[in-house]
Amino acid sequence: MRKMMKVAAREYKAIVKTKTFIAILVLVPIMMSGGLIASVIAERNMDTSDKKLAVIDRSGAFGETLLNASSARNENEIHNKESGKKERPAYILEFVEPDASDPVGQRLDLSNRVREGDLHAFVEIGSDIVHPTHPKTGSINYYGQNAVMDNMRGWLEWPINNKLRELRLKDAGIKVSEVQDLFMWHGVNGMGLVSVDDD
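Predicted, not measured: the structure shown is a model, and the values here were computed from it.

### Section: helix α4 (residues 103–116)
Between the first and last C-alpha of α4 there are 20 Å, a value that for 14 residues agrees with the 20 Å anticipated at 1.5 Å per step. When we look at burial in α4, the residues that qualify are G105, Q106, L110, S111 and V114. Looking at the buried side of α4, the elements it contacts are β1 (51–57) and β3 (121–125). After α4 finishes, the residue G117 shows a positive phi value of roughly 90 degrees.

This is the structure in C-alpha coordinates:
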(Lines give C-alpha, C1' and ligand atoms only; values in the text may rest on other atoms or scores of the structure.)
Protein backbone atom coordinates (compact mmCIF):
# COMPACT_ATOMS: atom_id res chain seq x y z
CA MET A 1 0.00 0.00 0.00
CA ARG A 2 2.86 2.33 0.90
CA LYS A 3 4.52 1.68 -2.44
CA MET A 4 1.29 2.45 -4.26
CA MET A 5 0.97 5.75 -2.38
CA LYS A 6 4.55 6.68 -3.27
CA VAL A 7 3.95 5.87 -6.92
CA ALA A 8 0.70 7.85 -6.92
CA ALA A 9 2.39 10.85 -5.23
CA ARG A 10 5.26 10.75 -7.73
CA GLU A 11 2.82 10.60 -10.68
CA TYR A 12 0.76 13.43 -9.24
CA LYS A 13 3.85 15.64 -8.85
CA ALA A 14 4.93 14.83 -12.40
CA ILE A 15 1.51 15.78 -13.82
CA VAL A 16 1.28 19.00 -11.77
CA LYS A 17 4.65 20.15 -13.12
CA THR A 18 3.64 19.75 -16.78
CA LYS A 19 2.88 22.80 -18.91
CA THR A 20 -0.46 21.31 -19.97
CA PHE A 21 -1.70 21.08 -16.38
CA ILE A 22 -0.65 24.65 -15.64
CA ALA A 23 -2.27 25.89 -18.86
CA ILE A 24 -5.53 24.12 -18.01
CA LEU A 25 -5.41 25.50 -14.47
CA VAL A 26 -5.17 29.05 -15.89
CA LEU A 27 -7.42 28.72 -18.96
CA VAL A 28 -10.47 26.96 -17.48
CA PRO A 29 -11.47 29.84 -15.14
CA ILE A 30 -10.84 32.36 -17.94
CA MET A 31 -13.04 30.39 -20.35
CA MET A 32 -15.81 29.97 -17.77
CA SER A 33 -15.88 33.68 -16.90
CA GLY A 34 -15.71 34.51 -20.63
CA GLY A 35 -18.87 32.48 -21.23
CA LEU A 36 -20.63 34.28 -18.39
CA ILE A 37 -19.57 37.68 -19.70
CA ALA A 38 -20.68 36.74 -23.23
CA SER A 39 -24.15 35.71 -22.00
CA VAL A 40 -24.56 39.00 -20.08
CA ILE A 41 -23.51 41.02 -23.16
CA ALA A 42 -25.86 39.00 -25.38
CA GLU A 43 -28.75 39.63 -22.97
CA ARG A 44 -28.05 43.38 -22.93
CA ASN A 45 -27.79 43.54 -26.70
CA MET A 46 -30.91 41.48 -27.36
CA ASP A 47 -32.80 42.51 -30.48
CA THR A 48 -36.06 44.09 -29.35
CA SER A 49 -37.24 45.28 -32.76
CA ASP A 50 -40.73 44.08 -33.68
CA LYS A 51 -40.93 40.85 -35.67
CA LYS A 52 -43.54 40.32 -38.36
CA LEU A 53 -44.89 36.82 -38.91
CA ALA A 54 -47.00 35.89 -41.93
CA VAL A 55 -49.63 33.24 -41.21
CA ILE A 56 -51.10 30.97 -43.90
CA ASP A 57 -53.93 29.17 -42.13
CA ARG A 58 -55.22 26.59 -44.61
CA SER A 59 -57.55 25.18 -41.92
CA GLY A 60 -59.18 28.56 -41.23
CA ALA A 61 -59.36 27.72 -37.52
CA PHE A 62 -56.51 29.64 -35.86
CA GLY A 63 -56.72 33.30 -36.91
CA GLU A 64 -58.53 34.66 -33.87
CA THR A 65 -56.56 32.44 -31.47
CA LEU A 66 -53.19 33.59 -32.78
CA LEU A 67 -54.28 37.23 -32.90
CA ASN A 68 -55.45 37.10 -29.27
CA ALA A 69 -52.27 35.29 -28.16
CA SER A 70 -49.98 37.81 -29.87
CA SER A 71 -51.96 40.76 -28.46
CA ALA A 72 -51.75 39.33 -24.93
CA ARG A 73 -48.02 38.69 -25.32
CA ASN A 74 -47.33 42.16 -26.69
CA GLU A 75 -49.30 43.80 -23.88
CA ASN A 76 -48.00 41.72 -20.96
CA GLU A 77 -44.68 40.06 -21.75
CA ILE A 78 -42.35 42.34 -23.71
CA HIS A 79 -41.79 45.16 -21.20
CA ASN A 80 -40.05 45.04 -17.84
CA LYS A 81 -42.77 45.31 -15.17
CA GLU A 82 -40.74 47.70 -12.98
CA SER A 83 -38.88 49.92 -15.44
CA GLY A 84 -41.30 49.70 -18.38
CA LYS A 85 -38.30 49.16 -20.66
CA LYS A 86 -38.89 46.99 -23.73
CA GLU A 87 -36.96 43.73 -23.29
CA ARG A 88 -38.41 41.51 -26.02
CA PRO A 89 -39.66 42.03 -29.56
CA ALA A 90 -43.38 42.43 -30.24
CA TYR A 91 -44.87 39.81 -32.57
CA ILE A 92 -46.90 41.36 -35.38
CA LEU A 93 -49.06 38.93 -37.35
CA GLU A 94 -49.97 39.27 -41.01
CA PHE A 95 -52.63 36.84 -42.21
CA VAL A 96 -52.11 35.73 -45.81
CA GLU A 97 -54.91 34.21 -47.89
CA PRO A 98 -53.88 30.64 -48.84
CA ASP A 99 -53.11 30.19 -52.54
CA ALA A 100 -54.56 26.75 -53.35
CA SER A 101 -53.57 26.99 -57.02
CA ASP A 102 -49.83 27.56 -56.38
CA PRO A 103 -48.81 26.80 -52.77
CA VAL A 104 -45.14 26.32 -53.73
CA GLY A 105 -45.06 29.71 -55.44
CA GLN A 106 -46.64 31.29 -52.37
CA ARG A 107 -43.96 29.75 -50.13
CA LEU A 108 -41.26 31.07 -52.47
CA ASP A 109 -42.73 34.60 -52.44
CA LEU A 110 -42.91 34.62 -48.64
CA SER A 111 -39.39 33.16 -48.37
CA ASN A 112 -38.12 36.02 -50.52
CA ARG A 113 -39.86 38.52 -48.25
CA VAL A 114 -38.04 36.93 -45.28
CA ARG A 115 -34.71 37.19 -47.15
CA GLU A 116 -35.41 40.86 -47.93
CA GLY A 117 -36.21 41.62 -44.27
CA ASP A 118 -39.89 42.46 -44.87
CA LEU A 119 -40.89 39.44 -42.74
CA HIS A 120 -39.19 37.70 -39.85
CA ALA A 121 -40.72 34.33 -40.77
CA PHE A 122 -43.93 32.67 -41.94
CA VAL A 123 -45.96 29.74 -40.70
CA GLU A 124 -48.18 27.44 -42.74
CA ILE A 125 -50.95 25.53 -40.96
CA GLY A 126 -52.21 22.48 -42.86
CA SER A 127 -55.81 22.21 -44.04
CA ASP A 128 -56.62 19.08 -42.01
CA ILE A 129 -54.45 19.80 -38.95
CA VAL A 130 -57.36 19.17 -36.56
CA HIS A 131 -57.76 15.57 -37.71
CA PRO A 132 -54.62 14.83 -39.79
CA THR A 133 -54.90 12.31 -42.59
CA HIS A 134 -51.74 13.14 -44.53
CA PRO A 135 -48.33 14.59 -43.49
CA LYS A 136 -48.53 17.40 -46.09
CA THR A 137 -51.96 18.69 -45.08
CA GLY A 138 -51.79 17.70 -41.41
CA SER A 139 -48.68 19.59 -40.33
CA ILE A 140 -47.56 23.02 -39.14
CA ASN A 141 -44.45 24.32 -40.90
CA TYR A 142 -42.42 27.33 -39.79
CA TYR A 143 -40.10 28.98 -42.32
CA GLY A 144 -37.37 31.39 -41.25
CA GLN A 145 -33.67 32.18 -41.48
CA ASN A 146 -32.88 30.33 -38.21
CA ALA A 147 -36.10 28.36 -37.79
CA VAL A 148 -34.65 25.74 -35.42
CA MET A 149 -33.41 28.28 -32.84
CA ASP A 150 -36.19 30.84 -33.30
CA ASN A 151 -38.11 31.84 -30.15
CA MET A 152 -41.18 32.74 -32.19
CA ARG A 153 -41.50 29.14 -33.39
CA GLY A 154 -41.56 27.92 -29.79
CA TRP A 155 -44.11 30.57 -28.83
CA LEU A 156 -46.47 29.46 -31.62
CA GLU A 157 -46.72 25.92 -30.27
CA TRP A 158 -48.75 26.93 -27.19
CA PRO A 159 -51.69 28.78 -28.74
CA ILE A 160 -51.91 26.39 -31.70
CA ASN A 161 -51.86 23.23 -29.59
CA ASN A 162 -54.30 24.61 -27.02
CA LYS A 163 -56.74 25.47 -29.83
CA LEU A 164 -56.23 22.01 -31.36
CA ARG A 165 -57.22 20.39 -28.05
CA GLU A 166 -60.35 22.55 -27.87
CA LEU A 167 -61.39 21.70 -31.43
CA ARG A 168 -60.77 17.97 -30.96
CA LEU A 169 -62.75 17.91 -27.71
CA LYS A 170 -65.61 19.77 -29.37
CA ASP A 171 -65.65 17.26 -32.24
CA ALA A 172 -65.72 14.44 -29.68
CA GLY A 173 -68.74 16.02 -27.96
CA ILE A 174 -66.84 16.92 -24.77
CA LYS A 175 -67.21 20.34 -23.15
CA VAL A 176 -63.90 22.04 -22.45
CA SER A 177 -65.22 23.23 -19.07
CA GLU A 178 -65.59 19.59 -17.98
CA VAL A 179 -61.95 18.70 -18.61
CA GLN A 180 -60.00 21.82 -17.64
CA ASP A 181 -57.09 19.76 -16.29
CA LEU A 182 -56.53 18.39 -19.80
CA PHE A 183 -55.01 21.78 -20.68
CA MET A 184 -52.79 21.93 -17.60
CA TRP A 185 -49.08 21.66 -18.42
CA HIS A 186 -46.73 20.29 -15.77
CA GLY A 187 -43.03 21.03 -15.84
CA VAL A 188 -40.49 18.64 -14.33
CA ASN A 189 -39.03 20.27 -11.21
CA GLY A 190 -35.29 19.90 -10.57
CA MET A 191 -34.78 18.80 -6.96
CA GLY A 192 -31.80 17.88 -4.81
CA LEU A 193 -31.36 14.46 -3.23
CA VAL A 194 -33.06 13.73 0.09
CA SER A 195 -30.99 12.96 3.16
CA VAL A 196 -31.52 12.52 6.91
CA ASP A 197 -29.68 14.78 9.39
CA ASP A 198 -27.80 13.02 12.18
CA ASP A 199 -29.06 15.54 14.77
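We are not done yet, so read on.
### As for the nonpolar core
Membership of the largest hydrophobic core comes to 20 residues, with the highest contact counts inside it found for L53, F62, L66, Y142 and L156. The element contributing the most residues to this core is helix α5 (residues 151–171), with 6 residues. Aside from chain neighbours lying at most four places away, what touches F62 is D57, I125, I129, I160, K163, L164 and L167. Counting 7 residues, the second-largest nonpolar core is a separate cluster that includes A54, I56, V114 and L119.

Conventions and cut-offs
- Residues numbered from 1 in each chain as written.
- Predicted model: local features only at pLDDT ≥ 70, side-chain atom pairs only at ≥ 80, totals over all residues.
- Heavy atoms only, no water.
- Helix = DSSP H or I, 4+ residues; strand = E, 2+ residues; numbered from the N terminus.
- Expected span 1.5 Å × (residues − 1).
- Buried < 20%, exposed > 50% of the residue type's maximum accessible area, 1.4 Å probe, protein only.
- Contact = heavy atoms within 4.5 Å.
- Core = buried A, V, L, I, M, F, W, Y, C linked by side-chain atoms within 4.5 Å.

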